[in-house]
Amino acid sequence: MKTLAILFSSTFLAFAQGGGGSEATVVLRLDATPGAKLKTVPVSAVKLEGGFWEPRRKTNVEKSIPTLLQLLEEHGVMDNFRRLSGRKQVERKGPLYTDSDLYKWMEAVAWVLASEDRPELRRTFDALTADILAAQEPSGYLNTFFQEDRKARRWKEQTSGHELYCLGHMLQAAIAYYRATGNRTLLDGGIRFVEHLVRDFGPGKQPLMAGHPEIEMALVELYRTTGEKKYLALAGYILTGERERLKLTPQQIAYTFSGRPFIERTVMEGHAVRAGYAASGATDYWMESGDAAFGATLERLWQDMVRSKMYITGGIGSRSAGEAFGDPYELPNAKAYTESCAAISNLMWNWRMLQATGEARFTDVMETALYNSINSGMSLSGTMYCYRNPLELTREASATIRNPWYNTTCCPPNLERMFASLPGYFYGTSAEGLWVHFYDRNKMAWKLDDGTPLAVTMETKYPWEGVVEMTVSPRAEREFTVFLRVPGWSDSTRVAVNGAAVAGKAEAGRYLAVKRRWKAGDKLKLEFSMTPQAIVSHPRALENQGRVAVKRGPLVYLLEQEGQAEGVNVLESKLLLTGDGARDFTVRWEPELLGGVVTLRHKGAQAGVRGESLPLYRRFDPREPRTGKAAELVFTPYYSFLNRGPSASQVWVEAAIFFWRAPPPAAPGSAPPNAPPPPPRPPPPPPPPRTAPAGKPLPPPPGGGGGRGPGGAPPPPPPPPGGGGAGGPAPPPRGARGPPPPPPGGGGGRAGGGRRPPPPPPRGPGGAGPPPPPPGAAPPPPPPPPPPPPPPPARGAPPPGGGGAGGPPPPPRGPGGPPRGGRGAPPPPPPARGRPPAPPPPPPPPPPPPRNPRGPRPPPAGNGKGGGGPPPPRAGPAPGGGGGGRGGARGPPGGFGGGGAGRRARSSPPVGPPPPPPPRRGRPRAPGGFY
């Protein structure tokens with residue numbers, strides 16, 4: 001307890017010394033935000049130590065931040081300010097948005113100072129602040145590109161000028177530094193610029209638009225810091241847009257994701273970073289204003305992004321043209337843009353949605369982006385950066401992906417401020433208790449909402465292992481809830497408190513609420529399932545068809561050429577999967593590789609023919625080898641790609657067999673598990689043809705049933721009256737053995753109220769039609785042609801049968817007749833003895849097709865609702881069961897079946913049996929799967 005007291009005292013003393021005595025070093029200040037369900041825990045309250053992220057943050061402080069400052073100086077970014085104050089006589093250098101690059105670097109320094117005292121960084125920050133404010137005009141305006149010789153262009157290029165974008169980053173750096181040190185010099189300079197906007201822009205004044213959204217987030221956080229509602233109102237005005245006064249085109253509105261009312265947005269489009277920042281600012285405004293229209297719009301946009309426009313790595317922005325979102329499911333791999341800044345904007349937006357709702361789906365997206373597409377943006381050395389983060393590369397293309405400097409230097413300082421502020425994303429609080437968002441080794445010392453001091457220690461090897469152990473120690477024994485995030489990827493999760501399993505189910509993708517009376521030293525233990533998973537994508541993501549990606553825990557894996565065995569080409573590799581991740585992949589911890597990673601090894605295959613030996617196009621040959629030679633493939637985490645030099649790589653890998661179901665373990669001495677399946681057994685002999693004794697005709701089959709007929713083959717036993725068909729019998733599976741005989745009763749559509757239709761008769765091994773007779777047997781008689789259609793009923797009279805296409809109408813229901821509906825009926829009586837009846841006369845010729853300028857079209861087979869018979873009459877009940885469409889309701893007793901939203905019935909098949917297809921060549925199908 002003495003140690004705990006010392007921890008509390010030292011921690012809260014640090015809070016008192018930083019943040020001006022009243023401002024905690026939080027990423028978002030939500031203490032008084034009415035629409036926030038959660039409150040954030042300060043960056044300074046969480047110390048990461050010895051886990052996954054602590055080495056990354058250490059590299060960020062010791063390598064990334066110092067080297068980037070040197071590069072900013074070398075490329076004249078700071079001199080752009082000094083020239084305006086007369087401190088240097090130089091030309092302006094770099095693009096018009098370079099001011100923002102310096103501000104983001106300064107924000108990274110501020111978050112470092114929130115976690116630890118580094119006097120040299122504080123002195124650098126203060127010196128840069130002096131240079132910046134010396135260039136500010138008396139009006140408050142400050143932008144090194146639009147001052148002096150370009151002053152006439154000020155506010156004339158709002159779609160591309162980045163004036164408000166640069167101001168937004170200035171404000172965020174100033175707020176972070178004020179919270180970390182109590183020094184508000186830069187903050188006061190930013191406020192002077194904002195006052196200039198409040199004075200001169202808005203309704204009835206000059207029009208204003210964001211152009212590149214970012215200012216919205218900054219203005220809301222400035223309101224939270226100062227309490228000045230005019231700053232919140234200015235953010236709301238910018239989110240409303242000025243498309244009419246600024247005469248914006250639809251292309252400008254879509255690309256900039258600004259200039260129109262935000263609540264009119266329906267899809268994520270345009271520049272991905274702009275869209276992510278705009279959604280982040282809109283979420284901030286929604287939490288403060290309570291405007292429900294913003295909440296509905298944000299949910300709609302979030303669903304559009306995660307369901308069709310987000311990469312498996314959490315990256316967004318698929319097109320290099322405009323660094324933009326593409327169409328739904330337009331997710332190329334080699335051409336993926338996936339800018340590092342876009343992934344950061346994705347995390348920032350989901351972070352705000354989490355605070356507003358407390359829903360773990362947003363934390364899942366944050367974790368995916370953080371561990372993969374954000375983490376890949378900075379090299380393990382901390383001095384090389386990815387602007388793009390593609391999911392597939394050739395060796396030639398990989399040579400330009402990681403670089404120490406970009407003329408557009410937005411991503412490097414953005415990554416640095418992300419890693420520096422990371423401790424502030426691990427925990428949250430609410431009136432109910434403590435929320436745990438991320439898992440890594442750390443110590444947290446903060447307080448509950450009622451002021452009770454609370455310390456938490458977390459021990460884990462996450463993300464390499466799934467066990468997390470936490471010690472929860474409130475200063476005084478108290479009842480509250482600990483909300484534990486159960487990641488969406490964990491198939492099974494176990495949670496225990498002091499060794500006893502907690503009540504309630506730990507659901508993947510939800511927070512598990514553990515409510516109890518907590519006392520100092522209570523132990524929480526979580527165990528997540530870490531079995532590797534093979535992931536498939538939506539069928540419309542065309543580049544991924546036939547491919548899978550591999551995940552383990554929060555990490556996406558990839559095949560990188562570097563590190564593979566000789567003879568393995570990762571771009572021509574194939575996976576042989578069973579669907580059992582524990583069997584498909586071998587997990588191996590390699591402490592000396594890439595700073596220490598878990599690799600996944602898979603016994604896959606190489607293409608049978610080397611790709612460089614093939615022509616660009618060739619004729620399809622089903623006998624071409626599908627897999628080739630065996631090869632052991634080594635998967636490494638996606639974030640580590642290109643840390644060993646230029647190399648080919650890919651995330652989505654071709655699967656030679658999709659989820660082939662492995663047979664049960666074989667007995668000793670049996671065939672090996674990868675042996676091809678045995679050939680199919682020959683079909684059983686067909687049953688003898690159905691005959692009747694002399695003089696007794698066979699009874700006609702009852703009516704009912706719907707959908708397509710069997711296409712010229714002998715018709716299957718139709719369902720009894722009352723059963724609605726749902727499209728005819730399903731075709732039999734390929735193979736040699738036919739289905740068992742159908743049970744008695746009627747077959748109805750799934751939604752039509754009856755049972756399933758009976759299966760068709762067995763097919764022969766080569767195609768449609770009955771199986772061949774045994775040797776020496778007489779061939780069966782040909783099937784009788786269908787009877788002629790009945791005459792049309794009188795107007796208002798009930799139709800003679802149901803909506804089926806398969807037989808004559810059912811008999812009218814009377815005493816002893818079949819039951820109504822689709823519940824089936826007793827089997828027909830046994831046939832009388834006698835000779836088989838004479839075949840009926842042939843059907844009349846079909847009527848000529850209607851005139852159609854586009855060519856002849858066969859008549860429809862039904863009423864377009866799934867049934868194959870005539871449409872229902874205008875009045876009068878039908879005595880039989882009709883064909884129910886898919887999704888239709890059960891039909892009335894004895895009436896026409898429920899149509900619903902069924903598929904349109906196809907044209908009638910031609911009369912007569914079709915020619916049998918040629919025998920199938922090539923390898924037999926794997927059991928339970930396909931090639």
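Sequence order as written defines residue numbering, which begins from 1 separately in each chain. Two thresholds apply to this predicted model, a pLDDT of at least 70 for residue-level local features and 80 or more for giving and counting side-chain atom pairs, whereas whole-chain, interface and lining totals are computed over all residues. Water and hydrogen atoms play no part in the side-chain values, which are based on all heavy atoms of the structure.

Pairing between the strands of a sheet comes from backbone hydrogen bonds, and it takes one of two forms, parallel or antiparallel. The 7 strands lie next to each other as β2-β8-β9-β10-β15-β12-β13, forming an open sheet whose pairing is antiparallel. In this open sheet, the two strands that pair with only one neighbour each are β2 (46-48) and β13 (500-501). Two strands make a pair as long as DSSP finds a minimum of two bridges between them. By definition, any uninterrupted DSSP run of H or I lasting at least four residues is a helix, any uninterrupted run of E lasting at least two residues is a strand, and each is numbered from the N terminus. Pairing of strand β12 (residues 493-497) with β13 involves 2 bridges; the strand directions are antiparallel. Residue pairing in the sheet places valine 497 in a bridge with alanine 500 of β13.

Core analysis: the largest hydrophobic core is formed by 192 residues, its most contacted members being Met106, Ile374, Tyr427, Leu484 and Phe635. Looking at this core, the element that brings in the most residues is helix α6 (residues 163-181), giving 12 residues. Working rule for contacts: check all heavy atoms of both residues, and any pair within 4.5 Å makes them a contact. If we ignore the near neighbours within four places in the chain, the residues touching methionine 106 are Phe125, Leu128, Thr129, Ile132, Ala173 and Leu186. We call a set of buried residues a nonpolar core when its members are Ala, Val, Leu, Ile, Met, Phe, Trp, Tyr or Cys and they connect through side-chain atoms within 4.5 Å of each other. Burial classes: relative accessible area under 20% of the type maximum marks a residue as buried, over 50% as exposed, and values in between as partly exposed (1.4 Å probe, protein chains only). Leu393, Val556, Leu558 and Phe641 belong to the second-largest nonpolar core, a separate cluster that totals 16 residues.

Following tyrosine 462, the chain continues into proline 463 via a peptide bond in cis, with omega recorded as 10°. Here proline 463 is to be found in the loop between β9 (453-460) and β10 (467-474). Phi is positive for phenylalanine 257, close to 50°, though the residue is something other than glycine. Relative to the helices and strands, phenylalanine 257 is located in the loop between α10 (250-256) and α11 (272-289). Given a relative accessible area of 2%, phenylalanine 257 falls into the buried group.

Among the 9 residues of strand β11 (residues 478-486), 7 are classified as buried, and the element is accordingly described as predominantly covered. Bridging between strand β7 (residues 433-436) and β11 involves 4 bridges; their strand directions are parallel. Each bridged residue has a counterpart across the sheet, and for tryptophan 435 the counterpart in β11 is phenylalanine 483. Here β11 runs beside strand β14 (residues 510-518); their pairing, made up of 9 bridges, is antiparallel.

The buried fraction of strand β17 (residues 547-552) amounts to 5 of the 6 residues, a majority that puts the element mostly inside the structure. With 3 bridges connecting them, β17 and strand β18 (residues 555-560) associate as antiparallel partners. For valine 550, the partnering residue across the bridge sits in β18 and is tyrosine 557. Counting the residues in the hairpin turn of β17 and β18 gives 2 residues, including glycine 553, whose phi is positive at 60°.

Strand order in the open sheet formed by 5 strands is β1-β6-β7-β11-β14, with mixed pairing between adjacent strands. Where the open sheet ends on each side, the last strands, each with one partner, are β1 (39-40) and β14. Contacts from helix α14 (residues 360-374) reach β11 and β14, with the element oriented near 50° to β11. For helices, the fitted line uses only the C-alpha atoms of the stretch in contact; every axis is such a line through C-alpha atoms, and the angle between N-to-C directions lies from 0 to 180 degrees.

Assignment of secondary structure puts valine 556 in strand β18. By relative accessible area, which is 0% here, valine 556 ends up buried. Along the primary structure valine 556 and proline 637 are separated by 81 residues, whereas in three dimensions their C-alpha atoms are 6.0 Å apart. Beyond its immediate chain neighbours, meaning those up to four positions away, valine 556 contacts Ile312, Thr313, Asn372, Val550, Lys551, Pro637, Tyr638 and Val651.

Attention now goes to the side chain of serine 258. Mapped onto the elements of the fold, serine 258 is located in the loop between α10 and α11. Classification of serine 258 as buried rests on a relative accessible area of 5%. Two N or O atoms form a polar contact when they lie within 3.5 Å of each other; inside protein one atom must be a possible hydrogen donor and the other a possible acceptor, and for residues adjacent in sequence the pair counts only when both atoms belong to side chains. A distance of 3.3 Å separates a polar atom in the side chain of serine 258 from the backbone nitrogen of glycine 211. At 3.2 Å, the side chain of serine 258 and the side chain of threonine 256 are in polar contact. Setting aside chain neighbours within four positions, we find serine 258 in contact with Met209, Ala210, Gly211, Pro213, Ile253 and Arg265.

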